[in-house]
Amino acid sequence: MDHLAHGHPRTTPADGHPATEEGHPVIRVLEGIREEVADLAGGVVADYIPELAHADPEAFGIAVVSPHGRAYAVGETDRPFTIQSISKPFVYALAVEERGLDDVHAHVGAEPSGEPFNAISLDERGRPENPMINAGAIVTTSLVGPGERGVRFEHLRSVLSAFAGRELVVDEAVYRSEAETGHRNRALGYLSLAGGVLVGPVEAAVQDYFRQCALSVTVVDLAVMAATLAVGGVNPLTGERVVSQRTARHTLSIMSSCGMYDRAGEWGLRVGIPAKSGVSGGILASAPGAFGVGVFSPPLDEAGNSVRGVAALGRLSDDYDLHMLRTPAEPPSPVHSVTRSGDTLDVRLRGEIDFLAAEQVVSRLAETIDDTRVRTVTVELERVSGFSDAARALLAAELHELAEAGVDATVRDPRGVRGA
Ligand code: GLU
């Protein structure tokens with residue numbers, strides 16, 4: 001794996017050292033954002049978990065990890081804080097991976113609740129509205145196996161660690177503080193048990209939930225975790241597949257509709273990066289196919305989102321075009337070259353062939369049916385990195401059409417990217 005940005009030798013967050021050198025252009029961008037946003041006043045540090053009230057309101061850090069595993073960080077990049085609600089998408093991912101989407105959603109909904117994170121928000125079937133509010137997250141934790149307490153938590157911890165690319169540990173003081181005071185969460189657990197959706201016992205689920213919320217992370221950890229989802233479930237630093245591509249997509253979907261407490265609509269409009277925030281002041285944002293971002297600054301707005309975190313991500317999305325619904329100027333062409341010699345047409349493809357790319361390819365191949373000068377077609381896949389199922393089906397159908405029309409078509413696939 002390439003951990004080197006050109007001309008800038010660096011180590012990786014797995015070693016605890018993302019790039020921070022001042023001259024690097026990406027660092028300059030992040031520094032600019034940090035400086036601009038650092039003066040933003042307002043917001044209140046959460047104190048309903050007593051231990052969280054000790055957080056330094058001035059602490060502020062931003063980290064970004066590329067799909068190739070290059071990491072950049074500015075500000076307080078090593079300061080640990082508890083992950084809190086940002087653990088929820090990852091436990092959701094694990095539950096989906098283990099039980100499948102339908103089974104998980106028989107227990108928890110997928111609708112934004114429009115209510116605060118700790119609301120008593122159950123739908124007409126007795127399910128919490130979504131897995132990003134506390135009630136839904138406690139249910140999701142209860143769905144992860146194996147059920148026994150210590151065993152389940154260790155399983156959760158090891159999977160979140162795989163997302164982060166290093167072993168995460170519990171901040172025991174924050175855990176105890178929440179375990180002693182988190183009666184509202186216990187109540188949510190009992191309501192979900194009464195609704196028939198929590199896999200009991202409640203205290204076991206709630207304890208594991210408190211522990212998962214008390215895992216200690218840095219902004220760099222958040223950025224690596226976000227990047228792992230952004231690239232479809234493979235940690236770009238360690239190369240480990242943590243969840244399937246489909247599970248990563250489901251998780252990003254839930255984050256984009258329900259990840260920012262009661263501000264999902266506003267967030268989608270102005271920032272448009274699937275994200276999850278937590279009461280300790282962290283925000284994790286995962287731009288699909290692109291970057292993972294982590295931001296930390298404890299003062300929260302009325303919705304419970306980090307004031308500076310929201311502002312920093314808004315700037316990042318706007319200035320660097322990371323909104324997930326941006327439209328590309330032109331769709332990338334999968335055709336590398338087309339050459340004809342005699343009655344043979346040689347079509348070379350490149351890159352990732354998805355449905356959109358395959359539609360361009362088969363349209364080009366279809367033209368040869370009417371072109372009487374062409375009797376033989378070769379499709380060369382040497383530069384192709386992958387084929388989606390839909391693309392494979394489309395190409396197979398077109399090859400069939402060509403054969404029917406008397407055009408002799410062969411596919412050269414020296415690396416076997418087209419699969420079976
Ligand atoms: N552990 C916190 C709670 O359950 C997490 C809340 C949050 O970050 O939104 O209250």
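Not measured: the values here are computed from a predicted model.

Caption draft 1: Representation of the pairing of strand β11 (residues 408-412) in the model. Judged from the five bridges that link them, strand β10 (residues 376-387) and β11 form a sheet pairing that is parallel. What sits directly across from Glu380, in β11, is Arg412. Taken together, β10, helix α14 (residues 389-404) and β11 constitute a β-α-β crossover, and its handedness is right-handed.

Caption draft 2: Region of the structure containing the site of the ligand. Taken together, 13 residues lie around the ligand, and Tyr48, Gln84, Ser85, Tyr209 and Tyr261 are the ones closest in. A distance of 2.7 Å separates a nitrogen atom of the ligand from a polar side-chain atom of Glu178. Val279 has a polar backbone atom sitting 2.9 Å from an oxygen atom of the ligand. When the free accessible area of the ligand is taken as 290 Å², the share hidden by the protein chains comes to 99%.

Caption draft 3: Region of interest: unusual backbone geometry. Residues Gly200 and Pro201 are joined by a peptide bond in cis, for which omega reads 0°. Relative to the elements of secondary structure, Pro201 occurs in the loop between α7 (183-194) and α8 (202-213). Within the chain, Gln84 stands out as a residue other than glycine whose phi angle is a positive 50°. Looking at where Gln84 falls in the secondary structure, it is placed in the loop between β3 (81-82) and α2 (88-99). For Gln84, a relative accessible area of 2% translates into the label buried. The phi dihedral of Asp321 is positive, around 60°, even though this residue is not glycine. Within the element layout of this structure, Asp321 appears in the loop between α12 (307-319) and β8 (335-341).

Caption draft 4: Expanded view of the nonpolar core. One finds Ile83, Phe90, Leu160, Phe163, Leu222, Met225 and Leu284 to be the most contacted residues of the largest nonpolar core, which totals 72 residues. For this core, the element with the most residues is helix α9 (residues 219-230), which contributes nine residues. Non-local contacts of Phe163, meaning those with residues more than four positions away in its chain, are made with Phe90, Ala93, Val224, Met225, Thr228, Leu229, Asn235, Val242 and Val243. Counting 24 residues, the second largest nonpolar core, distinct from the first, contains Met260, Ala275, Ala287 and Leu322.

Caption draft 5: Quick peek at the pattern of salt bridges. According to the stated counting rule, one finds 21 salt bridges in the structure shown. With its nearest N and O atoms 3.3 Å apart, the salt bridge here joins Arg79 to Asp56. Here Asp56 lies in the loop between α1 (25-38) and β1 (61-65) and Arg79 lies in the loop between β2 (71-75) and β3, a separation of 23 residues in the sequence. Residue classification places Arg79 among the partly exposed positions, given a relative accessible area of 28%.

Caption draft 6: Molecular detail of the side chain of Asn235. Among the secondary structure elements, Asn235 is positioned in the loop between α9 and α10 (245-258). Only 2.9 Å separates the side chain of Asn235 from the backbone oxygen of Ala162, close enough to count as a polar contact. With near-sequence residues (within four places) excluded, Asn235 lies in contact with Ala162, Phe163, Ala164, Gly165, Val224, Thr228, Glu240 and Val242.

Caption draft 7: Summary view of the pairing of β8. The pairing of β8 with strand β9 (residues 344-353) spans six bridges and is classified as antiparallel. Note on β9: the bridge partner recorded for Val335 is Leu349.

Caption draft 8: Region of the structure containing α1. With 14 residues, α1 extends 20 Å between its outermost C-alpha atoms, agreeing within 8% with the 20 Å of an ideal straight helix rising 1.5 Å per residue. All buried positions along α1 are accounted for by Ile27, Leu30, Ile33 and Val37. Seen from one end, α1 has its buried residues packed into an arc of 125°, which puts them on one side. Along α1, exposed side chains directed more than 90 degrees from the buried face belong to Pro25, Arg28, Glu35 and Glu36. Residues of α1 that are buried sit in contact with β1, β2 and α12.

Caption draft 9: Layout of the environment of Arg315. Examined against the element boundaries, Arg315 turns out to sit in helix α12. Sequence separation between Arg315 and Val271 is 44 residues; the distance between their C-alpha atoms is 8.2 Å. Not counting the four nearest positions on each side in its chain, Arg315 is found in contact with Ile33, Glu36 and Tyr320.

Caption draft 10: Seen up close, the sheet that holds β9. The strand order across the open sheet formed by four strands is β8-β9-β10-β11, and the pairing between neighbours is mixed. Edge positions in the open sheet fall to β8 and β11, since each of these has one partner strand only. Across the sheet, the mean angle from the axis of one strand to that of its neighbour is 15°, orientation sign disregarded. Against the sheet, helix α13 (residues 355-370) engages β8, β9 and β10, with an angle of about 175° to β9. Sheet strands in contact with α14 are β9, β10 and β11, and its direction is about 175° off that of β10.

Quick notes on the rules
Residues numbered from 1 in each chain as written. Predicted model: local features only at pLDDT ≥ 70, side-chain atom pairs only at ≥ 80, totals over all residues. Heavy atoms only, no water. Pairing = 2+ DSSP bridges. Helix = DSSP H or I, 4+ residues; strand = E, 2+ residues; numbered from the N terminus. Right-handed = clockwise from strand over helix to strand, strands pointing away. Near = heavy atom within 4 Å. Polar contact = N/O pair within 3.5 Å; in protein donor to acceptor, adjacent residues only side chain to side chain. Areas by Shrake-Rupley, 256 points an atom, 1.4 Å probe, with all protein chains shown as cover. Buried < 20%, exposed > 50% of the residue type's maximum accessible area, 1.4 Å probe, protein only. Core = buried A, V, L, I, M, F, W, Y, C linked by side-chain atoms within 4.5 Å. Contact = heavy atoms within 4.5 Å. Salt bridge = Lys/Arg side-chain N within 4 Å of Asp/Glu carboxyl O. Expected span 1.5 Å × (residues − 1). Arc of directions from axis to C-beta. Axes fitted to C-alpha atoms, helices over the stretch in contact; angles between N-to-C directions.

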